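What the coordinates show
Listed below, chain by chain, are the residues.
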Amino acid sequence: MIVDYQGKRRQVLVIDDRWENRVVLSTLLELVGFTVFEAEQGQAGLDILNQGTPDLVITDLIMPGIDGYDFLATVRQSEPIKTIKMIATSATINQNVQNRAFKAGCDAFLPKPIDAQNLYHTIAELLQLEWIYEALPEGQTSKQTGLTTPSTDIIVPPPEKLTVLLEYAASGFVKDLREQLDQLVAADTQYAAFAQPLIILSKQFKIEEIEGILRDYLGQSDSN
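Here's a quick rundown of the structure. Note that this is a predicted model, so its numbers are computed, not measured. (Residues numbered from 1 in each chain as written. Predicted model: local features only at pLDDT ≥ 70, side-chain atom pairs only at ≥ 80, totals over all residues. Heavy atoms only, no water.)

**Overview of the overall build of the chain**
How we decide: Numbered from the N terminus, helices here are DSSP runs of H or I no shorter than four residues, and strands are runs of E no shorter than two. Throughout this description, buried means an accessible area under 20% of the type-specific maximum (1.4 Å probe, protein chains only), exposed means over 50%, and partly exposed covers the range between. In what follows, a contact means two residues having at least one pair of non-hydrogen atoms within 4.5 Å. Only the protein chains shown count as cover for residues, and the accessible areas themselves come from Shrake-Rupley with a 1.4 Å probe. Positive charge is attributed to Lys and Arg, negative charge to Asp and Glu, and no charge count is given to His or to the chain ends. A charged residue contributes its charge at one atom only: NZ of Lys, CZ of Arg, CG of Asp or CD of Glu.
Summing up its helical and strand segments, the chain has nine helices and seven strands in all. If one aligns the C-alpha atoms of the chain with their principal axes, the spans along those axes are about 65 × 35 × 35 Å. Per-residue burial for the chain yields a buried fraction of 43% across its 224 residues. Residue pairs in contact within the chain that sit at least 24 positions apart in sequence constitute 65% of those at least 6 positions apart. Here the chain displays about 11800 Å² of accessible surface, and carbon together with sulfur accounts for 48% of that area. Of the charged side chains in the chain, 18 are positive and 31 negative, and the gap between their average positions amounts to 8 Å.

Right under this line is the structure:
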């Protein structure tokens, strides 16, 4: 799993009028070491760029005020920010939308919902990054994603702990979920086998799978 990247620290500006979309992108980026700035619409994004140039911009296309198309075009016509790398995102993925985005000035286009692997691959190409990967446990292959099912070999936290983790997952608070899992293992290493698959899934932003595993564990607790 990707955990970081080599070289100097990079900054990313995320522009989207919907807070939940910003949370998704910010979480994915912060998990692998980026500093993230957020803006709710194009003008706020331009204000941030004029204060200092991030290494990359990820912008939605449909927003009130200055939308993503106008934002892209404005940046490409402005010194000294016109060479910044920019990714456009949209839930509308027809060819006309993509062509218009590229004509306005984006370097890449990603459809919503954002796929983590596509995002990381695109960023690596644009910024010429080399990723740092988490070492797999001895004996585990890259095909083993950590999707373990409840078993007697795994010591499961009490129901109240599971409920808290499930609430974070259901709310989409991936960063808080990861912190809770880390704290759980730090307090008692017997929970490492339980937490590790969930940590791996959180880095892949597979929230529904995390919720499913936690609900399975809670179901077992209720039946005991």
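**With respect to the pairing of strand E6 (residues 108-111)**
This is how it is decided: Two strands pair if DSSP finds at least two bridges between them. Handedness is read with the strands pointing away from the viewer; a crossover is right-handed when the path from the first strand over the helix to the second is clockwise.
Examined bridge by bridge, strand E5 (residues 85-90) and E6 share four bridges and lie parallel to one another. Residue pairing for E6: Ile87 is matched across the bridge by Ala108. Read from E5 through helix H4 (residues 95-104) to E6, the crossover connection turns out right-handed.

**Quick look at the sheet that holds strand E3 (residues 35-39)**
To keep it simple, the criterion reads: An axis is simply a line fitted to the C-alpha atoms; with a helix, the fit covers only the stretch in contact. Between two such axes, the angle follows the N-to-C directions and lies from 0 to 180 degrees.
Ordered by their spatial adjacency, five strands build an open sheet running E3-E2-E4-E5-E6, and the pairing between neighbours is parallel. Whereas interior strands pair on both sides, the edge strands pair on one side only; in this sheet they are E3 and E6. Averaged over all neighbouring strand pairs, the angle between strand axes comes to 20 degrees, with direction disregarded. Across four bridges, strand E2 (residues 11-15) lies against strand E4 (residues 56-60) in parallel orientation. Residue Leu13 lies in a different strand from E4, and its bridge partner there is Val57.

**Some remarks on the packing of aromatic side chains**
Applicable threshold: Stacked, tilted and edge-to-face are the three classes assigned to paired rings of Phe, Tyr and Trp, where Trp is represented by its six-membered ring and a pair needs centres within 6.5 Å; plane angles under 30 degrees give stacked, over 60 edge-to-face, the rest tilted. Two thresholds decide whether a charge sits over a ring: the Lys NZ or Arg CZ must be within 6 Å of the ring centre and within 35 degrees of the ring normal.
Applying the stated rule across the entire model yields five aromatic pairs. Ring geometry for Tyr5 versus Phe34: centroids 4.6 Å apart, planes at 25 degrees, classification stacked. Of the two residues, Tyr5 is situated in strand E1 (residues 2-5) and Phe34 in the loop between helix H1 (19-31) and E3; the sequence distance between them amounts to 29 residues. The class for Phe34 is buried, based on a relative accessible area of 4%. In this structure an aromatic cluster arises from ring pairing among Tyr5, Phe34, Tyr120 and Trp131. The ring of Tyr5 has Arg9 lying over it, and the distance from NZ or CZ to the ring centre is 4.0 Å. When the ring centre of Tyr69 is taken as reference, the NZ or CZ atom of Arg100 above it lies at 3.7 Å.

**Some words on the packing of helix H7 (residues 174-187) against helix H8 (residues 192-203)**
Just so we agree on the cut-off: Angle categories: roughly parallel below 35 degrees, roughly antiparallel above 145, roughly perpendicular from 65 to 115, and oblique for all the rest. Each crossing is labelled by how the near helix is turned from the far one, with a counterclockwise turn of less than a right angle marking it left-handed and a clockwise turn marking it right-handed.
Where H7 contacts H8, the two axes come as close as 10 Å, and the packing angle between them is 160 degrees. One finds that H7 runs roughly antiparallel with respect to H8. As for how H7 packs across H8, the hand of that crossing is left-handed. Note on element contacts: H8 touches H7 through Ala192, Phe194, Ala195, Leu198, Ile199, Ser202 and Lys203, opposite Val174, Arg178, Leu181, Asp182, Leu184 and Val185.

**Focus: the pattern of salt bridges**
Rules: Criterion for a salt bridge: a side-chain nitrogen of Lys or Arg within 4 Å of a carboxyl oxygen of Asp or Glu.
A full pass over the atoms with the stated rule returns eleven salt bridges. Of the charged contacts, one joins Glu38 and Arg22 as a salt bridge, the two residues approaching to 3.2 Å between their closest N and O atoms. Here the residue Glu38 occupies a position in strand E3, and Arg22 occupies one in helix H1, the gap between them amounting to 16 residues. The exposure class assigned to Glu38 is partly exposed, which follows from its relative accessible area of 40%. Of the charged contacts, one joins Asp107 and Arg76 as a salt bridge, the two residues approaching to 2.7 Å between their closest N and O atoms. On the criterion of sequence distance, the pair formed by Asp107 in the loop between H4 and E6 and Arg76 in helix H3 (residues 68-76) is long-range, its members being 31 residues apart.

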